[in-house]
Amino acid sequence: MNDSSFDVIEVRADLEAENDRFASKVRELTRKRGVFLINLMASPGAGKTSVLCRIIDVLSPSYRIGVMEADMDADVDSHTVTTHGAQALQLRTGTSCHVDAKMTLRGLEYFEAKMPDVLIIENVGNLVCPAEFDVGADLKLMILSVPEGDDKPLKYPLMFTVSDLMLINKIDTAPIFDFDISKCKDRVRALNSEMEIFPVSAKTGDGFSPFIAKLKRLIDVTLTEKRKGVSQ
Amino acid sequence: MIKVIELKRTVTDSNDRDAASLRRELTERGIFLLNLMSAPGSGKTTLLSRTITDLTGKVRIGVMEADIASDVDALSINALGAESIQVHTDGMCHMDAGMTRDGLAELNPKADIVFLENIGNLICPAEFDTGAHRNVMILSLPEGDDKPLKYPYMFQKCDALLITKTDAAPYFDFDLAVAEERVRAINPTIRIFPLSAKTGDGMKDWEDWLIQEWEKQKNA
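Note that this is a predicted model, so its numbers are computed, not measured.

Conventions and cut-offs
- Residues numbered from 1 in each chain as written.
- Chains lettered and ligands numbered in written order.
- Predicted model: local features only at pLDDT ≥ 70, side-chain atom pairs only at ≥ 80, totals over all residues.
- Helix = DSSP H or I, 4+ residues; strand = E, 2+ residues; numbered from the N terminus.
- Rg over C-alpha atoms; globule rule 2.2 N^0.38 Å.
- Buried ≥ 20, exposed ≤ 12 C-beta atoms within 10 Å, placed from the backbone.
- Contact = placed C-beta atoms within 7 Å.
- Axes fitted to C-alpha atoms, helices over the stretch in contact; angles between N-to-C directions.
- Parallel < 35°, antiparallel > 145°, perpendicular 65-115°, else oblique.
- Left-handed = near helix turned anticlockwise from the far one by under 90°.
- Nonpolar A, V, L, I, M, F, W, Y, C, P; charged D, E, K, R; others polar.
- pLDDT = per-residue confidence, 0-100.
- Pairing = 2+ DSSP bridges.
- Expected span 1.5 Å × (residues − 1).
- Arc of directions from axis to C-beta.
- Core = buried A, V, L, I, M, F, W, Y, C linked by C-beta atoms within 7 Å.

## Details of the overall build of chain B
Okay, step 1: For chain B, the helix and strand inventory stands at eight helices and eight strands.
Okay, step 2: In terms of C-alpha radius of gyration, chain B reaches 17 Å, essentially the compact-globule figure of 17 Å for 220 residues.
Okay, step 3: Expressed along its principal axes, the backbone C-alpha trace of chain B runs to roughly 55 × 40 × 35 Å.
Okay, step 4: Split into buried and exposed, the 220 residues of chain B put 48% on the buried side.
Okay, step 5: Of all intrachain contacts in chain B linking residues separated by at least 6 positions in sequence, the fraction that spans at least 24 positions is 74%.

Here you go:
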């Protein structure tokens, strides 16, 4: 690996610094406009869009909801969430495997005229790269689904370390998969003792009430703080 | 109403030359390398374990386990008595040709067939040629039949697609015919094998293909 015939320039720190600058701008803008920003992350097929539709259904009577759908090359999810009554913006990331703060800022600026109260980024389906990029969100929400297995915290530790709240989705399929919820929780808490964990099924609706209650509290507290700060 | 913004595409293809030369070297050494890719939790390790067990005595299989952290997979493969090595990518989301070369140098396989079990990720690994002779991917039933629409590069790049966890079909709305159609629309020549590594259903077709491709390579 070490070859003295060429020089190595470390650009990673520069990229991170640039992303952090944009993340600060995102935070400034969401504070000024009173927006609660959620970064939703998970593997492909863990059920991000199904969870999102449930969240929209429950929250849309009380809040204006916006969704930024990030996909490499598709807009099926945007169509789905608009039928649930959210404003949607499709971000096509091409071969890029995550949403960064600069993309988020661009998306936020698109909502400028009719800014939602709650804006949810449905990140690219990926348990690795999105964890590395702070987009300036108020809540990092991740999903692990039962069929993926209870060993995922061991293999993708960063995602579990940086997230604030975690859903264990597809618990209705528990009878056919060897997924040990308490073992999984232990593995997550070893990485992130603060993590709040809710087992749910987006298909049946099981387990959503405590999660939604928690989410509403978070949104209300944060929005009150942001709006108070602006009016002063 | 939906607005679509096209973000700039970053191209990283500097690794192609390394991959081509690694492939040549492996061919000369009589090692058939397969790059196995999928999303996290699709069942890569379970599939490999079953394949190794089924083919014991027919062909020697070695495994290079790539993970960001942990060595749970290498331990599982080791328990089967197969040659294995754990590669840690230290946060990297894919394997490239250079990392594959380093891993193989450590493994120093006597095996006929070596699997690189790539990082669980449907995106980044598709962009990097590892020097493998064949690219194989897994899509598991619980992930949904819409995945070819959302992660087209991975489906485009692979020679074979294993649709796993077919035993879980009663629990999921996965339409096999629709999935196959979507895959063939972007990759008409891909081989598709529905199977369950848990029950063994459909394993034989995949294993026959594997042996056949290995023999093709050997006699080339």
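Read on, since the account is not over.
## Things to note about the overall build of chain A
Okay, step 1: The helix and strand inventory of chain A stands at eight helices and seven strands.
Okay, step 2: Relative to the globule expectation of 17 Å for 232 residues, the C-alpha radius of gyration of chain A, 18 Å, shows essentially globular dimensions.
Okay, step 3: Overall size of chain A, expressed as C-alpha extent along the three principal axes, is 60 × 50 × 35 Å.
Okay, step 4: A sequence separation of at least 24 residues applies to 75% of the contacts in chain A between residues at least 6 apart.

## Section: the interface of chain A and chain B
Okay, step 1: With 44 residues of chain A in contact, the opposing surface of chain B contributes 39 residues.
Okay, step 2: Contributing elements (two or more residues each) for the side of chain A that touches chain B: α3 (76–83), β3 (87–92), α4 (101–110) and α5 (152–155) of chain A.
Okay, step 3: Per-element accounting of the side of chain A that touches chain B gives the leading share, five residues, to β3 of chain A.

## Considering the environment of N123 of chain A
Residues and elements named next belong to chain A.
Okay, step 1: Inspection of the secondary structure assignment puts N123 in the loop between β4 (118–122) and β5 (139–145).
Okay, step 2: On the neighbour-count criterion, N123 (30 C-beta atoms within 10 Å) is buried.
Okay, step 3: Residues N123 and F111 lie twelve residues apart in sequence; the distance between their C-alpha atoms is 17 Å.
Okay, step 4: Not counting residues within four places of it along the chain, the set of residues in contact with N123 comprises N39, L40, M41, A70, H98, V99 and P130.

## Re the packing of helix α2 (residues 48–59) of chain A against α3 of chain A
Residue and element names in this part refer to chain A.
Okay, step 1: For the pair α2 and α3, interaxial distance at closest approach is 9 Å and the crossing angle is 20 degrees. By the angle class used here, α2 and α3 are roughly parallel. Considering how the two elements wind past one another, α2 and α3 form a crossing that is right-handed. Contacts between α2 and α3 pair T49, L52, C53 and I56 from the former with D77, T80 and V81 from the latter.
Okay, step 2: Grouping the amino acids of the contact of α2 with α3 by side-chain chemistry returns four nonpolar, two polar and one charged.

## A short note on the confidence of the model for chain B
Residue and element names in this part refer to chain B.
Okay, step 1: On average, chain B scores 91 in pLDDT, and the residues at 70 or more come to 94%.
Okay, step 2: In this model residues 5–12 is a low-confidence stretch, pLDDT under 50, and it forms 15 contacts with partners more than four residues away in sequence or in other chains.
Okay, step 3: With a pTM of 0.89, the predicted complex shows an ipTM of 0.85.

## Focus: unusual backbone geometry
Residue and element names in this part refer to chain B.
Okay, step 1: The phi dihedral of N108 is positive, around 45 degrees, even though this residue is not glycine.
Okay, step 2: With respect to the helices and strands, N108 occurs in the loop between α4 (97–107) and β5 (113–117).
Okay, step 3: The backbone phi angle of K165 is positive, close to 65 degrees, even though this residue is not glycine.

## Structural notes on the sheet that holds β5 of chain B
Residue and element names in this part refer to chain B.
Okay, step 1: Taken in spatial order, the seven strands line up as β4-β3-β5-β2-β6-β7-β8 in an open sheet, and their pairing is parallel. The two strands at the open ends of the sheet, each matched to only one other strand, are β4 (83–88) and β8 (191–194). Across the sheet, the axes of successive neighbouring strands diverge by a mean angle of 20 degrees, strand direction being ignored.
Okay, step 2: Sheet topology places strand β6 (residues 134–140) next to strand β7 (residues 160–164); five bridges connect them, and they run parallel. The residue of β7 that forms the bridge with V136 is A160.
Okay, step 3: Sheet strands touched by helix α2 (residues 44–54): β2 (32–38), β3 (61–67), β5, β6 and β7. Its angle to β5, the strand with the most contacts, is close to 165 degrees.
Okay, step 4: Contacts from α4 reach β3, β4 and β5, with the element oriented near 140 degrees to β4.

## Some thoughts on the packing of helix α1 (residues 16–29) of chain B against α4 of chain B
Residues and elements named next belong to chain B.
Okay, step 1: Here α1 crosses α4 at 35 degrees, and the two axes come no closer than 8 Å. Where α1 approaches α4, its residues D18, A19 and L22 are matched on the opposing element by A97, G98, T100 and R101.
Okay, step 2: Tallied by class, the residues present in the contact of α1 with α4 amount to three nonpolar, two polar and two charged.

## A few points about α1 of chain B
Residue and element names in this part refer to chain B.
Okay, step 1: Its 14 residues give α1 an end-to-end C-alpha distance of 20 Å, which sits within 8% of 20 Å, the value for a rise of 1.5 Å per residue.
Okay, step 2: Those residues of α1 not exposed but buried are A19, L22 and L26. Viewed along the axis of α1, the buried residues span an arc of 65 degrees, placing them on a single side of the element. Summarising the geometry of α1, the exposed residues directed more than 90 degrees from the buried face are R17, R24 and E28.
Okay, step 3: If you follow the buried residues of α1, they end up packed against β2 and α4.
Okay, step 4: The first or second residue beyond α1 is G30, which carries a positive phi of 75 degrees.

## Remarks on the environment of D206 of chain A
Residue and element names in this part refer to chain A.
Okay, step 1: Residue placement: D206 occurs in the loop between β7 (196–199) and α8 (208–231).
Okay, step 2: Sequence separation between D206 and P116 is 90 residues; the distance between their C-alpha atoms is 27 Å.
Okay, step 3: Once you skip the residues sitting within four places of it in the chain, D206 turns out to touch I171, D172, V200 and S201.

## Here we look at the nonpolar core
Okay, step 1: With 124 residues, the main nonpolar core has I38 and L52 of chain A together with L116 and L162 of chain B as its most contacted residues.
Okay, step 2: What L116 of chain B contacts, discounting residues up to four positions off in sequence, is L33, L34, N35, L36, M64, A66, M95, T100, T130 and A132 of chain B.

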